[in-house]
4 protein chains.
Amino acid sequence: MKRIGIMTSGGDSSGMNTAVRAIARAAMDAGLEAFGINYGYKGLVEGNIFNMNSLKDLDTIVNRGGTILYSARFPEFAERETQLKGIEQLKKFGIDALVVIGGDGSYHGAEKLTKLGFNSIGIPGTIDNDIPGTDFTIGFDTAVNVCVDALDRVTDTARSHQRHFVVEVMGRGAGDIALWAGVATAADAIVIPEREYDIKAIAEHLEENRKHGKDYGIIVIAEGVMSAADFKEQLDQYGDFDSRAITLAHVQRGGVPTAKDRVLAARLGDYAIKLLLEGKGGLAIGIKDNQLVAHDIIDTLENHKHHTDTTLLDLNDRLRFK
Amino acid sequence: MKRIGIMTSGGDSSGMNTAVRAIARAAMDAGLEAFGINYGYKGLVEGNIFNMNSLKDLDTIVNRGGTILYSARFPEFAERETQLKGIEQLKKFGIDALVVIGGDGSYHGAEKLTKLGFNSIGIPGTIDNDIPGTDFTIGFDTAVNVCVDALDRVTDTARSHQRHFVVEVMGRGAGDIALWAGVATAADAIVIPEREYDIKAIAEHLEENRKHGKDYGIIVIAEGVMSAADFKEQLDQYGDFDSRAITLAHVQRGGVPTAKDRVLAARLGDYAIKLLLEGKGGLAIGIKDNQLVAHDIIDTLENHKHHTDTTLLDLNDRLRFK
Amino acid sequence: MKRIGIMTSGGDSSGMNTAVRAIARAAMDAGLEAFGINYGYKGLVEGNIFNMNSLKDLDTIVNRGGTILYSARFPEFAERETQLKGIEQLKKFGIDALVVIGGDGSYHGAEKLTKLGFNSIGIPGTIDNDIPGTDFTIGFDTAVNVCVDALDRVTDTARSHQRHFVVEVMGRGAGDIALWAGVATAADAIVIPEREYDIKAIAEHLEENRKHGKDYGIIVIAEGVMSAADFKEQLDQYGDFDSRAITLAHVQRGGVPTAKDRVLAARLGDYAIKLLLEGKGGLAIGIKDNQLVAHDIIDTLENHKHHTDTTLLDLNDRLRFK
Amino acid sequence: MKRIGIMTSGGDSSGMNTAVRAIARAAMDAGLEAFGINYGYKGLVEGNIFNMNSLKDLDTIVNRGGTILYSARFPEFAERETQLKGIEQLKKFGIDALVVIGGDGSYHGAEKLTKLGFNSIGIPGTIDNDIPGTDFTIGFDTAVNVCVDALDRVTDTARSHQRHFVVEVMGRGAGDIALWAGVATAADAIVIPEREYDIKAIAEHLEENRKHGKDYGIIVIAEGVMSAADFKEQLDQYGDFDSRAITLAHVQRGGVPTAKDRVLAARLGDYAIKLLLEGKGGLAIGIKDNQLVAHDIIDTLENHKHHTDTTLLDLNDRLRFK
């Protein structure tokens, strides 16, 4: 193996650049050449590929949000013909293996390439933490901290004004961001796709709080359940909470990555190269129980699902004001 | 003069607590007693008033968002009878003068009390920066920095995905937050109530940018113009910008105040007590041309308007990518 | 069991308050009374103890640095007689079990009480991450992020001025903070107590970097090795690196805790109460391989040592500029 | 005028890059070519100069710490011969005017060039806020906010442990950073070069505080007075304050600039080009009483001094705990 390709794909997440740097540096350290592929699978098929070994400033991206390799939607990559074009480009550049950083969709692309015989490794990079085969994804910790900062601010205002805020956080179909951010900020309720919610019980809880001296509150809701605005509308039917709906939106994606996301990105990037050097491939890598792990990417995607730790919801119910 | 009352009113802003602490401390330093009035004019009328001289931990609020004196809506204070009840409460507690931290509405309350003969001073505390008689209000700098942080993050994502974001910031009828945040983050367009916008020209500018190599962009819009969602809808009629609408919402209010807001709050709080000790009152105080100033509160509200520095818009037009 | 005591002890770390809140709330949720003990073992012996169930504002400490229960040095607690006095006080207040948040020294106090028959549980709260029986301690993640922020800033200056900085971080005898912060910021060298360093090799590496186009650099050194100033002096004997020494010092302890530290604190606090309710005690609890764990506190302290993950050093050597 | 040169010089400060971007963009907007000069006066003399008009990513530096144009020590520029060499290079590149962002030393360079007939404008860029002819310098607000964040953290620890911290901040000969950071964090004492300090009075104040219920404290000291370690040693002779000395050091220079520093940098950069287009030059520009101002650079340096607002010290004395 002489040359490896690096790609980011899907929604950007903080720490992707840290991973790009780690993969490239680990490759160079092993005497390989690292090639950056711009604009995800679209750039792959179009041959938007460049040699990274000459980049002197690579270290400066270690703390930069977004992705210097860009990302792009490219549904056409679902077609076999397009996949073959991608492999053609990789061969044209003499690239022997591909490391893709991204979420669900990115993994499926890597799976396809693997099935067609091109060695690919998937690194979990998404704020949603919804990738099977790993406890944490790159960008999740940063996104949670952004939400926590926002929730802290909103709590100041809620408390000053005796208001209730319904705050919507990202996560696609997963409640992980909502759970972590809610537990970290002493939310009065957390609403996630993984568990049925009882809006009447939530309203009663808020009413109870008022009787016991807490006249404000925060409900954190995952986008996978419904919008903050819709939830607020429902809630208002059960009482007058002087409620407001907020959507934290895309501020959760970018920005300087946290230490945890950076260290995770560094470890996973290095691990991908290690595995490739050992002749392995067709893998989805991640961190499980604090250990780096590698699973067959096809099996991972077809037979496994991300497991959201819903015990955090019970924890929050125990710890919240009452 | 022996006792002064301190109140926060209207929407909370970061640095209100710093001002509360400054007023109370300056009063104590001058041998006065400081009384906190909870829940704004509502608490005033209800006599929700307490002596602050015994608070040992007052300094710990110097960096705390929100307001420990709470705030509340109270339209009833527009009535003369209710105002007289407020004055009655103040006299009951032996309070000789009142310092109110807040925005427009809070100032009007202070104006009414002054007109009825009760000495009141208004300190500008609002994120909107829309108070006449001062260049800056307490909380504006923090709000702008929150927006700048959010815009930096969104810019990472916009750039990674070749997208355009319409980002709505607060400011009520004023464009100050939008202007400062937009200039600070190299926005492609800033839309404010103080100047007619030309959506066709903005769309053309974004198209031009693409031709010159910038395929992403940020438009900062003040809430006083319209919602981000509405602007996005308009924009989409002039081209396909893969646009998204974001509303930064209430995260702009709370949180740890910036150094500038804290120093401003400390200076204004101290200045209010100084003026009261000199036998003055019925004033709106502020900072103009970097100097502390005091104006007649009635004249200020009736004859003056906040002036938004729209030269920042021209500045941004010169500096933006083209 | 009806009443539990909560204490913080040793050096403060961010998230201690989050843990205090979690223990108290979990206790209340289970129908227990929570008692706060001020000033660590000193306050215990002096009976500086108060009922927390009436605290309405307990949730507001979820994001506050330091510890509302204070801490204090108290070497006298090594004596059996003093320990007995502590137990006497606990009995006087009707307290059945004690939960202590702190580092090494705090654990030893809890161990002593356990040996004397008083049920105690230790929760790892220290920035140093040097407690046996847990992968992570409360406050470590925040401290690392503070260091990362500082190192990012210093890197800006190093790069602008072609300088080298030796930056000393905390950690007592452990290199964990240095390792995580160094890996996260692309340090050129990380010097920790767990591994012999070769200053000549480091100097040569920096010289090599210059030849390859990187004329600045950062060395992160753990306080357990030596001071930044001493290391700089040594380094300067091997070349002219226009070097500066910096000690990050006590800014690493306080401040708003990160999401990770808050969630860890919430889980551990809740877990301590769960164990006590199950009739268990005499335990050191923690998180291992992402699972909550409880070990015999005597065995943990006498037979186990914290394991620093030195593979991060090798990782950094592979990933650094060369 | 067709071409302008842009240079950063002296110690880096946050917002320098924002100013570089503003100057370059304003120049381009006026149809000029902008040339970047690397490594300050050293690079000027060596002809390390490049055309910036082709930089597509210029906007991405708007929020980046340090300076992309680098800086370097170059005492040789005090010599007339070296200055003439610099002018020769400028002429070689067809550059008609020079804009220098920096502190005191940088201004002196610009003054020399002006005296030799080469049109130069100085923009105040230093964290120290010690430049005559301006109320604020670019980087000051960011540095103060970094100090405030650090002091908030240290205060958490001081309070938890009943300790006193002596915290040294930068500022060269000026006390501005110390004053602003001290006022913003409710420091117990601020020690600056502009006013004699009375260590006995400070010690007595801390002792008094203890009697009145505050058993911890913070002293902010400007580096221009003495080191934190030396002050602590002196202080300890007047009582046992369980004191610690901390030096915030170079973390004050880099990092993401605040909104205020960015807007100031944008305005000053744009203003420099406006003046040059009007045929003016030989100027030191700045912001006075919230207005952009331009003064003769020779007169400014020879006849004026920066004025530190020592009323902030009196303000702090009134507001501090007692």
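Here the structure is a predicted model, which means the values were calculated and not measured.

Colleague: Can you help me understand the interface of chain A and chain C in this one?
Modeller: Buried accessible area, meaning the area lost when the parts come together, often serves as the stated size of an interface. Opposite the 49 residues of chain A that make contact, chain C presents 49 residues. Roughly 4000 Å² of surface becomes buried between chain A and chain C when both sides are summed, with 54% attributable to carbon and sulfur atoms. Inspection of the chain A/chain C interface yields ten salt bridges. Note that Arg159 of chain C is salt-bridged to Asp57 of chain A, the shortest N-O span being 2.7 Å.

Colleague: Is there a simple way to explain the sheet that holds strand E4 (residues 97-102) of chain A in this structure?
Modeller: Either a parallel or an antiparallel arrangement is found when strands of a sheet pair, and the pairing is made through backbone hydrogen bonds. Residue and element names in this part refer to chain A. Judged by pairing direction, the sheet is mixed, and its seven strands sit side by side in the order E3-E2-E1-E4-E5-E10-E11 without closing on themselves. Each edge of the sheet is formed by a strand with only one pairing partner; in this case those strands are strand E3 (49-51) and strand E11 (291-296). Strand-to-strand twist in this sheet, taken as the mean axis angle between neighbours without regard to direction, amounts to 25 degrees. Bridge count for strand E5 (residues 120-124) against strand E10 (residues 283-288) is two bridges, and the pairing is parallel.

Colleague: What's the story with the pairing of E11 of chain A in this structure? I'm lost.
Modeller: Across a regular strand the side chains alternate sides, sitting on one face of the sheet and then on the other. All names here are of chain A. The pairing of E10 with E11 spans six bridges and is classified as antiparallel. Bridging from a neighbouring strand, Ile287 pairs with Leu292 of E11. Between E10 and the antiparallel strand that follows it, E11, lie two residues; Asp289 among them carries a positive phi value of about 50 degrees.

Colleague: When you look at the UniProt feature "binding site: ATP" (unreviewed entry) in chain A in this model, what are you seeing that I'm missing?
Modeller: Residues and elements named next belong to chain A. Residues annotated by UniProt as "binding site: ATP" (unreviewed entry) correspond here to Gly11, Arg73, Phe74, Gly103, Asp104, Gly105 and Ser106. In three dimensions, the annotated residues from a span of 96 residues occupy one location, with a maximal C-alpha spread of 13.9 Å. Setting aside its immediate chain neighbours within four residues, Gly103 contacts Ser9, Gly125, Thr126 and Ile131. Tracing the sequence through the fold places Gly105 in helix H4 (residues 104-115).

Colleague: Please clarify how the relation of the copies chain A and chain C should be interpreted in this entry.
Modeller: Relative to chain C, chain A is turned by 180 degrees and slid 0.0 Å along the rotation axis, the superposed coordinates differing by an RMSD of 0.0 Å. Here the copies are linked by what is in effect a two-fold axis. Relative to the rotation axis, the C-alpha of Asp289 of chain A is the closest in chain A, positioned 2.0 Å from it. By residue overlap, the copies meet face to face through one surface: 100% of the interface positions of chain A are interface positions in chain C.

Colleague: Hey, could you run me through the environment of Asn48 of chain A in this one?
Modeller: Residues and elements named next belong to chain A. Counting through the fold element by element, Asn48 comes out in the loop between helix H2 (40-46) and E3. Residues Asn48 and Asn38 lie ten residues apart in sequence; the distance between their C-alpha atoms is 5.6 Å. With near-sequence residues (within four places) excluded, Asn48 lies in contact with Gly36, Ile37, Asn38, Tyr39 and Gly43.

Colleague: Is there a simple way to think about the packing of aromatic side chains in this case?
Modeller: In this description, an aromatic ring pair is defined by two values, namely the gap between the centres and the angle between the planes. Summed over all chains, the structure comprises 32 aromatic pairs over all chains. When the ring of Phe74 of chain B is compared with that of Phe77 of chain B, the centres are 6.5 Å apart and the planes differ by 40 degrees; the resulting orientation is tilted. Accessibility expressed as a relative area gives 19% for Phe74 of chain B, which makes it buried. Considering the side-chain rings of Phe136 of chain C and Phe140 of chain C, the 6.2 Å spacing of their centres and the 20 degrees angle between planes classify their relative orientation as stacked. The exposure class assigned to Phe136 of chain C is buried, which follows from its relative accessible area of 13%. Judged by its relative accessible area of 2%, Phe140 of chain C is buried. An aromatic cluster is built from Tyr41, Phe74 and Phe77 of chain A, whose rings are joined through pairwise contacts. Sitting above the plane of the Phe136 of chain C ring, Lys260 of chain C keeps its charged end 3.5 Å from the centroid.

Colleague: Could you clarify how one ought to interpret the packing of helix H9 (residues 259-277) of chain B against helix H5 (residues 140-161) of chain D in this entry?
Modeller: Each pair of packed helices gets described by two things: the angle between the helix axes and the distance between those axes. Put simply, H9 of chain B and H5 of chain D touch, their axes get as near as 9 Å, and they point 80 degrees apart. When the axis of H9 of chain B is compared with that of H5 of chain D, the two are roughly perpendicular. Along its contact with H9 of chain B, which presents Ala259, Lys260 and Arg262 of chain B, the element H5 of chain D presents Asp141, Val144, Asn145, Val148 and Asp152 of chain D. A class-by-class count of the residues in the contact of H9 of chain B with H5 of chain D yields three nonpolar, one polar and four charged.

Colleague: For this particular structure, what's the right way to read the UniProt feature "binding site: ADP" (unreviewed entry) in chain A?
Modeller: Those places that UniProt annotates as "binding site: ADP" (unreviewed entry) correspond, in this numbering, to Arg21, Ala22, Ile23, Ala24, Arg25, Lys214, Asp215 and Tyr216 of chain A. Across 196 residues in sequence, these annotated residues place their C-alpha atoms as far as 53.3 Å from one another, rather than forming a single compact spot. Relative to the helices and strands, Arg21 of chain A is located in helix H1 (residues 16-29). Once residues within four sequence positions are removed from consideration, Arg21 of chain A is found in contact with Leu58, Asp59, Ile61 and Val62 of chain A together with Ala186, Leu319 and Arg320 of chain C. Counting through the fold element by element, Ala24 of chain A comes out in helix H1.

Colleague: Can you walk me through unusual backbone geometry in this structure?
Modeller: One can expect most non-glycine residues to show negative phi and most peptide bonds to be in trans. All names here are of chain C. One non-glycine residue, Ala249, adopts positive backbone phi at about 55 degrees. For Ala249, the position within the fold is in the loop between strand E9 (243-247) and helix H9 (259-277). Owing to a relative accessible area of 11%, Ala249 belongs among the buried residues under this scheme. The phi dihedral of Asn290 is positive, around 70 degrees, even though this residue is not glycine.

Colleague: Sorry, what's going on with the domain arrangement of chain A here?
Modeller: Residues and elements named next belong to chain A. Segmentation of chain A into domains returns domain 1 (3-139 + 257-303) and domain 2 (143-253). Taking the mean C-alpha position of each, domain 1 and domain 2 sit 34 Å from one another. Between domain 1 and domain 2, the contact holds twelve residues from the first and eleven residues from the second. Of the roughly 960 Å² buried between domain 1 and domain 2, counting both surfaces, carbon and sulfur atoms make up 46%. Between the two partners, domain 1 and domain 2, sit two salt bridges. For Asp130, the salt bridge identified is with Arg172, shortest N-O distance 2.9 Å. At the surface where domain 1 touches domain 2, the tally comes to six residue pairs in polar contact (both at pLDDT 80 or more). A per-class count over the side of domain 1 that touches domain 2 returns two nonpolar, six polar and four charged.

Colleague: When you look at the pairing of E5 of chain A in this model, what are you seeing that I'm missing?
Modeller: All names here are of chain A. Most of E5 is tucked away: five of the five residues are buried. Residues Ser120, Gly122 and Pro124 point to one face of E5 and Ile121 and Ile123 to the other, with burial holding for every one of them. Pairing of E4 with E5 involves five bridges; the strand directions are parallel. Of the residues in E5, the one forming a bridge with Gly102 is Pro124. Read as a crossover between parallel neighbours, the route from E4 over H4 to E5 is right-handed.

Colleague: What am I meant to see in helix H5 (residues 140-161) of chain A here?
Modeller: Owing to its 3.6 residues per turn, the α-helix aligns residues three or four sequence positions apart on the same side. Residue and element names in this part refer to chain A. The end-to-end C-alpha distance of H5, which contains 22 residues, comes to 31 Å, matching closely the 32 Å that a straight helix rising 1.5 Å per residue would cover. Buried residues dominate H5, accounting for 20 of its 22 residues. A positive phi of about 55 degrees marks Gln162, the residue just after H5.

The rules we used
Every chain's residues receive numbers from 1 upward, in the order its sequence appears when written. All chains are assigned letters beginning at A, and all ligands numbers beginning at 1, according to the order in which they are written. The predicted nature of this model means local features are confined to residues of pLDDT at least 70 and side-chain atom pairs, given and counted, to a pLDDT of 80 or more, with totals for whole chains, interfaces and linings taken over all residues. Side-chain figures throughout are based on the complete set of non-hydrogen atoms in the structure, without hydrogens or water. Should any heavy atoms of two residues lie within 4.5 Å, those residues are counted as being in contact. What gets called buried area is simply the loss in accessible area from a 1.4 Å probe that two parts show on being joined, summed for both. For salt bridges, the criterion is a side-chain nitrogen of Lys or Arg within 4 Å of an Asp or Glu carboxyl oxygen. Paired strands are those between which DSSP finds at least two bridges. Helix numbers and strand numbers start at the N terminus; a helix is a DSSP run of H or I with at least 4 residues, a strand a run of E with at least 2. Note on geometry: axes are lines fitted to C-alpha atoms, helical ones only across the stretch in contact, with angles between N-to-C directions running from 0 to 180 degrees. UniProt positions are given in the numbering used here, feature names are shortened, and annotations may be inferred rather than shown by experiment. To line up the copies, we fit them by least squares on C-alpha atoms, keeping just the residues with pLDDT of at least 70 in both. Note on ring pairs: Phe, Tyr and Trp rings are taken, using the six-membered ring of Trp, and paired if centres are within 6.5 Å. Classes follow the plane angle, with under 30 degrees stacked, over 60 edge-to-face and the rest tilted. A simple rule labels every residue: compare its accessible area, found with a 1.4 Å probe on the protein chains alone, to the largest value its type can have, and call it buried under 20%, exposed over 50%, or partly exposed in between. Should the NZ of a Lys or the CZ of an Arg lie within 6 Å of a ring centre and within 35 degrees of the ring normal, that charge is described as sitting over the ring. Oblique is the label for any angle not covered by the other classes, which are roughly parallel (under 35 degrees), roughly antiparallel (over 145) and roughly perpendicular (65 to 115). Classification used: nonpolar for Ala, Val, Leu, Ile, Met, Phe, Trp, Tyr, Cys and Pro, charged for Asp, Glu, Lys and Arg, polar for all others including Gly. Those domain boundaries reflect an automatic or database domain assignment. Counted as a polar contact is a pair of N or O atoms within 3.5 Å, where, for protein atoms, one must be capable of donating a hydrogen and the other of accepting one, and residues adjacent in sequence contribute only when both atoms are in side chains. Seen with its strands pointing away from the viewer, a crossover is right-handed if its path from the first strand over the helix to the second goes clockwise. Take the residue count of a helix, subtract one, and multiply by 1.5 Å to get its expected span.

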